[in-house]
Amino acid sequence: MGRAKTSMGNNTWTKSESKSETSRDAQREAKRRAVLQAGARLFNDQGYEQTSLEEIAAALKITKRTIYYYVQSKEDILFGCHQLGLEFLGATMAQSQDETLPVLERITLLIRGYCEWVSSDLGATIAMVREHSLSAERRSILRASKAEVDFQLRALIAAGVAEGSLRACDPKLATAAIFGALNWIPHWNRVEDPVPHAEIAEQYLQLILTGMLPRA
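Only a predicted model underlies this, so the values are computations on that prediction, with no experimental measurement involved. (Residues numbered from 1 in each chain as written. Predicted model: local features only at pLDDT ≥ 70, side-chain atom pairs only at ≥ 80, totals over all residues. Heavy atoms only, no water.)

Caption draft 1: Examining the overall build of the protein more closely. Of regular secondary structure, the protein possesses 11 helices and 0 strands. Each helix and strand of the protein, placed in order from N terminus to C terminus, yields the pattern α-α-α-α-α-α-α-α-α-α-α. By the burial criterion, 43% of the 216 residues in the protein qualify as buried. At a minimum sequence separation of 6, the contacts of the protein that also span at least 24 residues come to 70%. (Helix = DSSP H or I, 4+ residues; strand = E, 2+ residues; numbered from the N terminus. Buried < 20%, exposed > 50% of the residue type's maximum accessible area, 1.4 Å probe, protein only. Contact = heavy atoms within 4.5 Å.)

The structure is reproduced here in structure tokens:
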């Protein structure tokens, strides 16, 4: 997060593992993910258009030619970053789908988890890199995945309003306001000394829930 050093996959790249420990496909996937992580950090720090494949290769201490064994293009890296980032977000979404928990707790889990996720290199890429850099087909796929998160929070807010644990509001507008605030975190917090994501989450939760809880 911020400009703090993140793992670029160098250990993954140089570590020698026998075939008995992992399959060739698993090793290739680990190295592909290292390329995505390196790309995500550079895209966020200096911009997608300003980042070259040569710079990503240099960050991993490999050649540009080697990168093509794992991805086809810079756009392929960006799309892979989005896919992998949303894959990681899936765990947070799963937690907030636990219907045995109170609605407010599920909303808290989703917001806290999203705050942590968007503070990571992969999460920040989705918030900071504009979709127009992707092909129309890939933009459509990405938007469908992002919509799932949006609809989940809308549903939770609607459930809270229905049961009376949240004050009456338009779930669509409330969700837009919440994600608007959360998605802006990497724009101001990618600094030398970033505010810890847990601290941001607690402050944001206080502000959000104070405004949404029913008045006495």
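Caption draft 2: Region of the structure containing unusual backbone geometry. With phi around 60 degrees, Lys 61 is a residue other than glycine that occupies positive phi space. Along the chain, the position of Lys 61 falls in the loop between α3 (53-60) and α4 (64-67).

Caption draft 3: Focus on helix α11 (residues 197-212). Given a rise of 1.5 Å per residue, 16 residues ought to cover 22 Å, and the 22 Å separating the end C-alpha atoms of α11 matches this to within 8%. Three or more residues of α11 are buried, namely Ile 200, Ala 201, Tyr 204, Leu 205, Ile 208, Leu 209 and Met 212. For α11, the angular spread of buried residues about the axis comes to 140 degrees, placing them on one side. Opposite the buried face of α11, at more than 90 degrees from it, the exposed residues are Gln 206, Leu 207 and Thr 210. Residues of α11 that are buried in the fold lie against α6 (103-118), α8 (136-163), α9 (171-183) and α10 (185-189). (Expected span 1.5 Å × (residues − 1). Arc of directions from axis to C-beta.)

Caption draft 4: Spatial organisation of the nonpolar core. Ranked by internal contacts, the top residues of the largest apolar core, which has 54 residues, are Ile 56, Ile 77, Ile 107, Tyr 114, Ile 157, Ile 178 and Leu 182. Mapped by element, the contributors of at least two residues to this core are α2 (24-46), α3, α5 (74-96), α6, α7 (121-128), α8, α9 and α11. Discounting residues that sit within four places of it in the chain, Ile 77 has contacts with Val 35, Leu 36, Gly 39, Phe 43, Leu 53, Ile 56 and Val 71. (Core = buried A, V, L, I, M, F, W, Y, C linked by side-chain atoms within 4.5 Å.)

Caption draft 5: Here's a closer look at the packing of aromatic side chains. One pass over the structure, following the stated rule, counts 4 aromatic pairs. On the numbers, 5.0 Å between centres and 65 degrees between planes, the contact of Phe 43 with Tyr 48 is edge-to-face. Across the pair, Tyr 48 and Phe 43 agree in class, each one buried. For the ring pair Tyr 69 and Tyr 70, a centre distance of 4.9 Å and an interplane angle of 85 degrees mean the geometry is edge-to-face. The exposure class of Tyr 70 is buried, given its relative accessible area of 11%. Following the ring pairs from residue to residue traces out a cluster consisting of Tyr 114, Trp 117 and Phe 179. Over the ring of Tyr 69 we find Arg 28, and its NZ or CZ is 4.9 Å from the ring centre. Between Lys 74 and the ring centre of Tyr 48, over which it is positioned, the NZ or CZ distance is 4.4 Å. (Phe/Tyr/Trp six-rings, centres within 6.5 Å; stacked < 30°, edge-to-face > 60°. Lys NZ or Arg CZ within 6 Å of the ring centre and 35° of its normal.)

Caption draft 6: Fine view of the packing of α2 against α7. Close contact between α2 and α7 brings their axes to 9 Å; oriented N to C, the two are set at 50 degrees. Here α7 runs oblique to α2, going by the angle between their axes. Taken as a pair, α2 and α7 cross one another with a handedness that is left-handed. Across the interface between the two elements, Leu 36, Gln 37, Ala 40, Arg 41 and Asn 44 from α2 touch Asp 121, Leu 122, Ala 124, Thr 125 and Met 128 from α7. (Axes fitted to C-alpha atoms, helices over the stretch in contact; angles between N-to-C directions. Parallel < 35°, antiparallel > 145°, perpendicular 65-115°, else oblique. Left-handed = near helix turned anticlockwise from the far one by under 90°.)

Caption draft 7: Here's a closer look at the pattern of salt bridges. Summed over all chains, the structure comprises 13 salt bridges. In this structure, Glu 87 and Arg 33 form a salt bridge, with 3.1 Å as the shortest nitrogen-oxygen distance. Residue Glu 87 is located in helix α5, and its partner Arg 33 is located in helix α2; the two are separated by 54 residues in the primary sequence. The exposure class of Glu 87 is partly exposed, given its relative accessible area of 47%. Residue Arg 33 is classed as partly exposed on the basis of its relative accessible area, which comes to 27%. The closest approach of N and O atoms between Asp 76 and Arg 138, which form a salt bridge, is 2.9 Å. Of the two residues, Asp 76 is situated in helix α5 and Arg 138 in helix α8; the sequence distance between them amounts to 62 residues. For Asp 76, a relative accessible area of 17% puts it in the buried group. Within the structure, one salt-bridge network assembled from shared partners comprises Glu 29, Arg 32, Arg 33 and Glu 87. (Salt bridge = Lys/Arg side-chain N within 4 Å of Asp/Glu carboxyl O.)

Everything listed here is a matter of coordinates, which is why it stays silent on function.
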